[in-house]
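# Structural description and commentary
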Amino acid sequence: MNALKLGVAGVGVMGRNHARVANDMREFDLTAVFDPDGVTADGVAAAYEASAYTDLDAFAASGIDAAVVATPNRFHADTAVALLERGIHVLVEKPIAPTVEESQRIIDAAHANNRVLMVGHVERFNPAVETVKRAIADDEIISIQITRVGPFPPRMGEVGVVIDLAVHDIDIIRHLTGSEMAEVQSLLGHTHASREDSALLQFRMDNGTIAHITTNWVTPYKTRTLQVATKSRFVVADLITRQVTEYFGQQPDGSYSTRMLNSWPNEPLKKELEAFATAIKTGEAPAVTGEDGLRNLEVALRCLAE
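First, a word on what this report is: a plain description of the structure on this page. (Residues numbered from 1 in each chain as written. Predicted model: local features only at pLDDT ≥ 70, side-chain atom pairs only at ≥ 80, totals over all residues. Heavy atoms only, no water.)

## Topic: the overall build of the protein
For the protein, the helix and strand inventory stands at nine helices and 14 strands. In terms of overall size, the protein behaves like a compact globule, its C-alpha atoms giving a radius of gyration of 20 Å where 306 residues would be expected to give roughly 19 Å. Taken along its principal axes, the extent of the C-alpha atoms in the protein is 70 × 45 × 35 Å. Relative to all contacts within the protein whose residues are 6 or more apart in sequence, the contacts with residues 24 or more apart total 67%. Here the protein displays about 13,800 Å² of accessible surface, and carbon together with sulfur accounts for 48% of that area. Here the protein contributes 28 positively and 41 negatively charged side chains, and the mean placements of these two sets differ by 4 Å. (Helix = DSSP H or I, 4+ residues; strand = E, 2+ residues; numbered from the N terminus. Rg over C-alpha atoms; globule rule 2.2 N^0.38 Å. Contact = heavy atoms within 4.5 Å. Areas by Shrake-Rupley, 256 points an atom, 1.4 Å probe, with all protein chains shown as cover. Lys, Arg positive; Asp, Glu negative; His and termini not counted. Charge placed at Lys NZ, Arg CZ, Asp CG, Glu CD.)

## Focus on the nonpolar core
One finds Phe203 and Leu226 to be the most contacted residues of the largest nonpolar core, which totals 94 residues. The element best represented in this core is helix H7 (residues 161-177), accounting for nine residues. If we skip the residues at most four places from it in the chain, leucine 226 touches Val132, Ile144, Gln145, Ile146, Ile172, Leu176, Val235, Val236, Ala237 and Leu239. (Core = buried A, V, L, I, M, F, W, Y, C linked by side-chain atoms within 4.5 Å. Buried < 20%, exposed > 50% of the residue type's maximum accessible area, 1.4 Å probe, protein only.)

## Notes on the sheet that holds strand E4 (residues 66-69)
Sheets are built from strands that pair by backbone hydrogen bonding, the pairs being arranged parallel or antiparallel. On the basis of which strands lie adjacent, the open sheet formed by six strands has the order E3-E2-E1-E4-E5-E6 and parallel pairing. Both edges of this open sheet fall to strand E3 (51-53) and strand E6 (117-120), since each of them pairs with a single strand only. Recorded for the sheet is a direction-independent mean angle of 25° between the axes of neighbouring strands. Both E4 and strand E5 (residues 89-93) contribute to a ladder of four bridges, which runs parallel. Bridge pairing links alanine 66 to histidine 89 in E5. Here helix H2 (residues 38-47) sits on the sheet and contacts strand E2 (28-34) and E3; the angle it forms with E3, its principal contact strand, is near 165°. (Pairing = 2+ DSSP bridges. Axes fitted to C-alpha atoms, helices over the stretch in contact; angles between N-to-C directions.)

## A closer look at the side chain of arginine 224
If you trace the backbone, arginine 224 turns up in strand E11 (residues 218-230). It is glutamate 123 that comes nearest to the buried, bridge-free arginine 224 among opposite-charge side chains, at 5.3 Å. One polar contact links the side chain of arginine 224 to the main-chain carbonyl oxygen of valine 149, over a distance of 2.7 Å. With sequence-adjacent residues up to four places away left out, arginine 224 is seen in contact with Thr147, Arg148, Val149, Gly150, Leu165, Ala237, Asp238, Leu239 and Ile240. (Salt bridge = Lys/Arg side-chain N within 4 Å of Asp/Glu carboxyl O. Polar contact = N/O pair within 3.5 Å; in protein donor to acceptor, adjacent residues only side chain to side chain.)

## Quick look at the pattern of salt bridges
The final tally for this structure, using the stated rule, is 17 salt bridges. A salt bridge links arginine 20 to glutamate 267, with the shortest nitrogen-to-oxygen separation between them at 3.1 Å. Of this pair, arginine 20 sits in helix H1 (residues 13-23) while glutamate 267 sits in the loop between strand E14 (257-261) and helix H8 (268-282); the two residues are 247 residues apart in sequence, bridging distant segments of the chain. By relative accessible area, glutamate 267 is classed as partly exposed at 36%.

## Structural notes on the pairing of E2
When you tally the buried positions in E2, you get five out of seven residues, the bulk of the element. For the handedness criterion, the β-α-β arrangement of strand E1 (residues 4-9), H1 and E2 is classed as right-handed. As paired elements, E2 and E3 share three bridges and run parallel to each other. Within E3, the position partnered with alanine 32 by the bridge is serine 51. With respect to chirality, the unit in which E2 leads through H2 into the neighbouring parallel E3 is right-handed. (Right-handed = clockwise from strand over helix to strand, strands pointing away.)

## Comments concerning unusual backbone geometry
Following lysine 94, the chain continues to proline 95 via a peptide bond in cis, the omega torsion being -15°. One non-glycine residue, arginine 242, lies in the positive phi region at around 70°. On the secondary structure map, arginine 242 appears in the loop between strand E12 (233-238) and strand E13 (244-248).

What follows is the structure in structure tokens.
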């Protein structure tokens, strides 16, 4: 199969990561980079022998088949819709957009132009998350606990921890349970910023599973852990080291067995981009649809409104 001509719109931290990974993939030919900052666009484009653009229309007309939208969140809708209307498949970084209305605009544009729209919830492709999902596939989930904390990131300015961090975990919970959030409770804290920098979020899913997310920008070190309790096992995953441990066979005397589960050392961003390419070439629904992105955003906004 011929490589898809790929463009990256917005080459800040995340956009540069997409460009780096895509450049080494046989599925893509990285041909175009867009950023309003000409120096930034030129620098990234030169590193990968791509063409640099500071004008979105020129970028859309450059002959690309697909694009990653990694602009600041407030530009997601306008950028994604402009590309979709030019017949370009789009992978838009999470969150899909700042509002439900803008998210729906993107989804409608994808449907109207019969283009693939995928949302970049990269933790779906974390090998540890995939390992946990396989481990609990035939079991009934009782509860899920996710901790995602770390120091305040100076580059953040538009959103707080719920939209920036917890939206990852909202997606993981929906992915693992195959269910939607029926009840939402939240406690938000403001320590170092006008937007929330700590949050405790609780959910009851339609299928009865209860879930809890602890997230903040006030912890001096980064932690990413996922714990899932089922009727027959307890699975703990470190999403940074990708180590997954299963506890099972608990006995009346309190003893139990443990085993390490294999978690393949794949780069999540590469797996995400591979899934994007597969959806384009097969016509099948992408792993994380626009509707998934919208559901995740709706839940995050409910948390902020509680």
